[in-house]
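Commentary on secondary and tertiary structure
Take a look at the letters that make up each chain.
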Amino acid sequence: EAQVTQNPRYLITVTGKKLTVTCSQNMNHEYMSWYRQDPGLGLRQIYYSMNVEVTDKGDVPEGYKVSRKEKRNFPLILESPSPNQTSLYFCASSSGQAPNSPLHFGNGTRLTVT
Amino acid sequence: GQSLEQPSEVTAVEGAIVQINCTYQTSGFYGLSWYQQHDGGAPTFLSYNALDGLEETGRFSSFLSRSDSYGYLLLQELQMKDSASYFCAVRTMDSSYKLIFGSGTRLLVRP
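Throughout what follows, the structure given in this document is the object of discussion. Residue indices begin from 1 for each chain and proceed along its sequence in written order. Each chain gets a letter, beginning with A, and each ligand a number, beginning with 1, in the order they are written. The predicted nature of this model means local features are confined to residues of pLDDT at least 70 and side-chain atom pairs, given and counted, to a pLDDT of 80 or more, with totals for whole chains, interfaces and linings taken over all residues. Side-chain measures here rest on the full set of heavy atoms in the structure, leaving out hydrogens and waters.

**Some remarks on the interface of chain A and chain B**
Residue-level contacts link 25 residues of chain A with 19 residues of chain B. Note on terms: buried area is the combined drop in 1.4 Å-probe accessible area of two parts once they are placed together, counting the loss on both. Both faces combined, the contact of chain A with chain B buries some 1700 Å², and carbon together with sulfur accounts for 58% of it. The term salt bridge refers to a pairing of a side-chain nitrogen on Lys or Arg with a carboxyl oxygen on Asp or Glu at a separation within 4 Å. Inspection of the region where chain A meets chain B yields 0 salt bridges. Numbering of helices and strands runs from the N terminus, with a helix taken as a DSSP run of H or I at least four residues long and a strand as a DSSP run of E at least two residues long. The set of elements that each furnish at least two residues to the side of chain A that touches chain B consists of β4 (31-38), β5 (42-51) and β9 (87-94) of chain A. The element that contributes the greatest number of residues to the side of chain A that touches chain B is β5 of chain A, accounting for 5 residues. Of the residues assigned to the side of chain A that touches chain B, the class counts are 12 nonpolar, 11 polar and 2 charged. Any two residues having at least one pair of non-hydrogen atoms within 4.5 Å are treated as being in contact. Asp, Glu, Lys and Arg are counted as charged, while Ala, Val, Leu, Ile, Met, Phe, Trp, Tyr, Cys and Pro are counted as nonpolar; the rest, among them Gly, fall into the polar class.

**As for the pairing of strand β11 (residues 109-113) of chain A**
Residue and element names in this part refer to chain A. We call a residue buried when its accessible area falls under 20% of the maximum for its residue type, exposed when it is over 50%, and partly exposed in between, using a 1.4 Å probe and counting protein chains only. Residues of β11 alternate between two faces, with T109, L111 and V113 buried on one and R110 and T112 left unburied on the opposite face. DSSP-based pairing: two strands are paired if at least 2 bridges between them are found. Bridge analysis of strand β2 (residues 10-13) against β11 gives 4 bridges, and the strand direction is parallel. Along β11, the bridge assignment pairs L11 with L111.

**Details of the sheet that holds strand β1 (residues 3-5) of chain B**
Across a sheet, paired strands are connected by hydrogen bonds in the backbone, their directions being either parallel or antiparallel. All names here are of chain B. In space, the 5 strands of this open sheet follow the order β1-β3-β8-β7-β6, with antiparallel pairing throughout. For this open sheet the edge positions go to β1 and β6 (53-57), each flanked by a neighbour on one side alone. With direction set aside, neighbouring strand axes in the sheet form an average angle of 20 degrees. Sheet analysis places β1 next to strand β3 (residues 18-25), joined by 3 bridges and oriented antiparallel. When the bridges of β3 are listed, E5 appears paired with T23. What counts as an axis is a line fitted to C-alpha atoms, over the stretch in contact for a helix, and the angles between N-to-C directions run from 0 to 180 degrees.

**Considerations on the environment of K65 of chain A**
Residue and element names in this part refer to chain A. Position of K65 relative to the elements: it lies in strand β7 (residues 65-66). Separated by 12 residues in sequence, K65 and I77 place their C-alpha atoms 4.9 Å apart. With residues near it in sequence (within four places) discarded, K65 still touches Y47, P75, L76, I77 and E79. For K65, the side chain forms a polar contact with the side chain of E79, separated by 2.9 Å. Within 3.5 Å is the distance limit for a polar contact, defined as a pair of N or O atoms, with the added protein rule that one can donate a hydrogen and the other accept it, and that residues adjacent in sequence qualify only through two side-chain atoms.

What follows is the structure, encoded as C-alpha cells:
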C-alpha cells in the first residue's frame with residue numbers, strides 16, 4: 001500500500017532533550033516536506049526537500065533540522081526542543097514538481113514539550 | 001506576502017449543499033487545491049483547479065476565479081462523514097515549490 005509513515009504518533013518530552021521524528025515513503029517520491037499544524041494557523045511548512053541531499057527552509061524552520069540521505073526517508077530533528085514546538089507535525093511527499101501533484105500526508109506526530 | 005482566508009466554521013444539515021469560500025492574496029501561483037482533514041487524521045487531497053472555472057468530482061466541486069482572487073469548494077448531498085476541516089492551498093511559483101495552506105474551515109454536518 002502506498003503510504004507515508006511517521007513515527008512516533010505521540011511523543012512527550014522535556015525541554016532540551018534532542019528528538020527525531022522519522023518519516024518514510026514507499027512511493028519513490030522526489031519531493032518531501034514537513035509541516036506543523038497549530039489551531040487557527042493551518043499548516044505551515046518547516047522544511048522541504050526536492051531530492052536526495054537537497055533540502056531547504058520553509059516558513060518556520062527555526063529550531064528544526066532535516067536530512068535527506070535516502071530518497072524514501074526525511075527525518076525531522078529537534079536538537080533542543082522548547083515548549084513552543086508543541087504541535088502536530090505532518091510529513092508529506094509528492095511525486096514531482098508538477099503543480100497538480102497532490103501531497104500525500106503521513107498520519108501525524110503529536111509532540112508535547114514540557 | 002501570501003495569505004489565504006477561509007471562514008473558520010460552517011454548519012449545514014445532512015443532504016444539503018454547502019459552499020466553503022477561499023479568498024487569497026498572492027503574487028502568483030499555479031493553482032488552487034483543496035484538502036480534507038478529519039479529526040485526528042491526515043489531510044487528504046480533494047481537488048485541484050489550474051484554470052478558472054468549475055471542476056467536478058462526484059459530490060464535490062471546486063471553483064476558481066483568478067480575476068476575483070477567489071475560489072470555493074462545493075459539497076452536495078452532504079453526509080455525516082463530510083464533517084471535517086477543509087483547507088484551500090496554493091502552490092507558489094518560486095523555487096520553493098511550496099504549498100501554502102489557508103487556516104481551514106471546520107464543517108459540521110447535523111442530522
